[in-house]
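Residue-level structural notes
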Amino acid sequence: AQSVTQPDIHITVSEGASLELRCNYSYGATPYLFWYVQSPGQGLQLLLKYFSGDTLVQGIKGFEAEFKRSQSSFNLRKPSVHWSDAAEYFCAALSIQAGTALIFGKGTTLSVSS
Amino acid sequence: DSGVTQTPKHLITATGQRVTLRCSPRSGDLSVYWYQQSLDQGLQFLIQYYNGEERAKGNILERFSAQQFPDLHSELNLSSLELGDSALYFCASSPGTAGGEKLFFGSGTQLSVL
């Protein structure tokens, strides 16, 4: 069955430090891949998406993600974290063959320490 | 503001009861998706409607049902509620049927079953 795995439940990063959030997917073919962010009390907001082409994708708020087919991964990165980045981050995948709805990972909570 | 409106924001009810959650999609969006977010299961896709018709079904219980009305708003009906149904229920909308690219989320309805 199709699945998206985020191995880290909770990560704490110092403000100004770099960030990498991990995401692995299990699909028959390469799905479309997404990262969403959820701030407390808010809905989800799309950070970036990968459909095809360049494997390094730029998103909003200074985030980027790299697609690695050999590792079935789509990790989210940011060079310098700001306190306002503290939130929950969800990796998601969409396979047209499997259906039209996004499948989400269980999320990674990011805390930012000063 | 995503443009997706969910009401009510909070709902407290008792086991065995029935509740209705309402969602108004963004203007012009034809698809509505319902997701359930809980601590143990994460974000689970429940069901999708497109222009009034059921489009895709996920992990939706038989006690749950949904519909999309001619004005495109949607309602999620939860009946014979159990403690385990306590969760945050999100509605999302998109212009077309493959919602990954342009999925806009509401801020959710927090359901507490006591």
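Across its full length, chain B holds zero helices and 11 strands. Seen in sequence order, chain B has helices and strands lined up from the N terminus as β-β-β-β-β-β-β-β-β-β-β. Computed over C-alpha atoms, the radius of gyration of chain B comes to 13 Å, within 12% of the 13 Å expected from 2.2 N^0.38 for 114 residues, which places it in the range of a compact globule. C-alpha atoms of chain B, sized along the principal axes, occupy 35 × 25 × 25 Å. Burial analysis of chain B (114 residues in total) assigns 50% to the buried set. When the 8 basic and 11 acidic side-chain charges of chain B are each reduced to a single mean position, those positions are 3 Å apart.

Moving on to the overall build of chain A. Regarding its fold elements, chain A presents zero helices and 12 strands. Counting from the amino terminus, chain A carries its helices and strands in the arrangement β-β-β-β-β-β-β-β-β-β-β-β. In summary, chain A has a C-alpha radius of gyration of 14 Å against a globular reference of 13 Å for 114 residues, a match within 12%. Counting only C-alpha atoms, chain A reaches 45 × 30 × 20 Å along its principal axes.

Tallied over the entire structure, the rule returns 16 aromatic pairs over all chains. Ring geometry for Y36 of chain A and F104 of chain A: centres 5.7 Å apart, planes at 55°, overall tilted. Highlighted residues: Y36 of chain A in strand β5 (residues 32-38) and F104 of chain A in strand β11 (residues 103-104), separated in sequence by 68 residues. Of the two residues, Y36 of chain A and F104 of chain A, neither departs from the other in class, the shared state being buried. Geometrically, the ring pair formed by F64 of chain B and Y89 of chain B is edge-to-face, given 6.5 Å between the ring centres and 70° between the ring planes. Of the two residues, F64 of chain B sits in strand β7 (residues 64-68) while Y89 of chain B sits in strand β9 (residues 87-94), which places them 25 residues apart along the sequence. Take F64 of chain B and Y89 of chain B: they sit in the same class, and that class is buried. The structure contains a cluster of three or more aromatic residues connected by ring pairs, namely Y32, F34, Y36, F51, F90 and F104 of chain A together with Y35, F45, F90 and F105 of chain B. For R26 of chain B, the ring lying beneath its charged end belongs to F104 of chain B, and the centroid distance is 3.7 Å.

Two modes of strand pairing occur in sheets, parallel and antiparallel, and in both the strands are linked by backbone hydrogen bonds. All names here are of chain B. Taken in spatial order, the four strands line up as β1-β3-β8-β7 in an open sheet, and their pairing is antiparallel. Strands with a single pairing partner mark the edges of an open sheet, and in this sheet they are β1 (5-7) and β7. Neighbour-to-neighbour, the strand axes of the sheet open up by a mean angle of 15°, direction not taken into account. Pairing analysis gives three bridges linking β1 to strand β3 (residues 19-24), with the strands arranged antiparallel. The residue bridging T7 from the neighbouring strand is R22, located in β3.

Residue and element names in this part refer to chain B. Cis geometry marks the peptide bond from T7 to P8, where omega comes out at -10°. Structurally, P8 is set in the loop between β1 and β2 (10-13). Of note, the phi angle at N51 is positive, near 50°, even though the residue is not glycine. Within the secondary structure layout, N51 lies in the loop between β5 (42-50) and β6 (53-57). Although it is not a glycine, L72 adopts a positive phi angle of roughly 80°. When you line up the elements, L72 lands in the loop between β7 and β8 (74-78).

Residue and element names in this part refer to chain A. This model, assessed by the stated rule, comprises eight salt bridges over all chains. When the shortest N-O distance is used, the salt bridge between D85 and K78 registers 2.8 Å. Assigned by exposure class, D85 and K78 land together as buried. Among the ionic contacts, a cluster of salt bridges with common partners joins E64, E66 and R77.

Criteria and cut-off values
- Residues numbered from 1 in each chain as written.
- Chains lettered and ligands numbered in written order.
- Predicted model: local features only at pLDDT ≥ 70, side-chain atom pairs only at ≥ 80, totals over all residues.
- Heavy atoms only, no water.
- Helix = DSSP H or I, 4+ residues; strand = E, 2+ residues; numbered from the N terminus.
- Rg over C-alpha atoms; globule rule 2.2 N^0.38 Å.
- Buried < 20%, exposed > 50% of the residue type's maximum accessible area, 1.4 Å probe, protein only.
- Lys, Arg positive; Asp, Glu negative; His and termini not counted.
- Charge placed at Lys NZ, Arg CZ, Asp CG, Glu CD.
- Phe/Tyr/Trp six-rings, centres within 6.5 Å; stacked < 30°, edge-to-face > 60°.
- Lys NZ or Arg CZ within 6 Å of the ring centre and 35° of its normal.
- Pairing = 2+ DSSP bridges.
- Axes fitted to C-alpha atoms, helices over the stretch in contact; angles between N-to-C directions.
- Salt bridge = Lys/Arg side-chain N within 4 Å of Asp/Glu carboxyl O.

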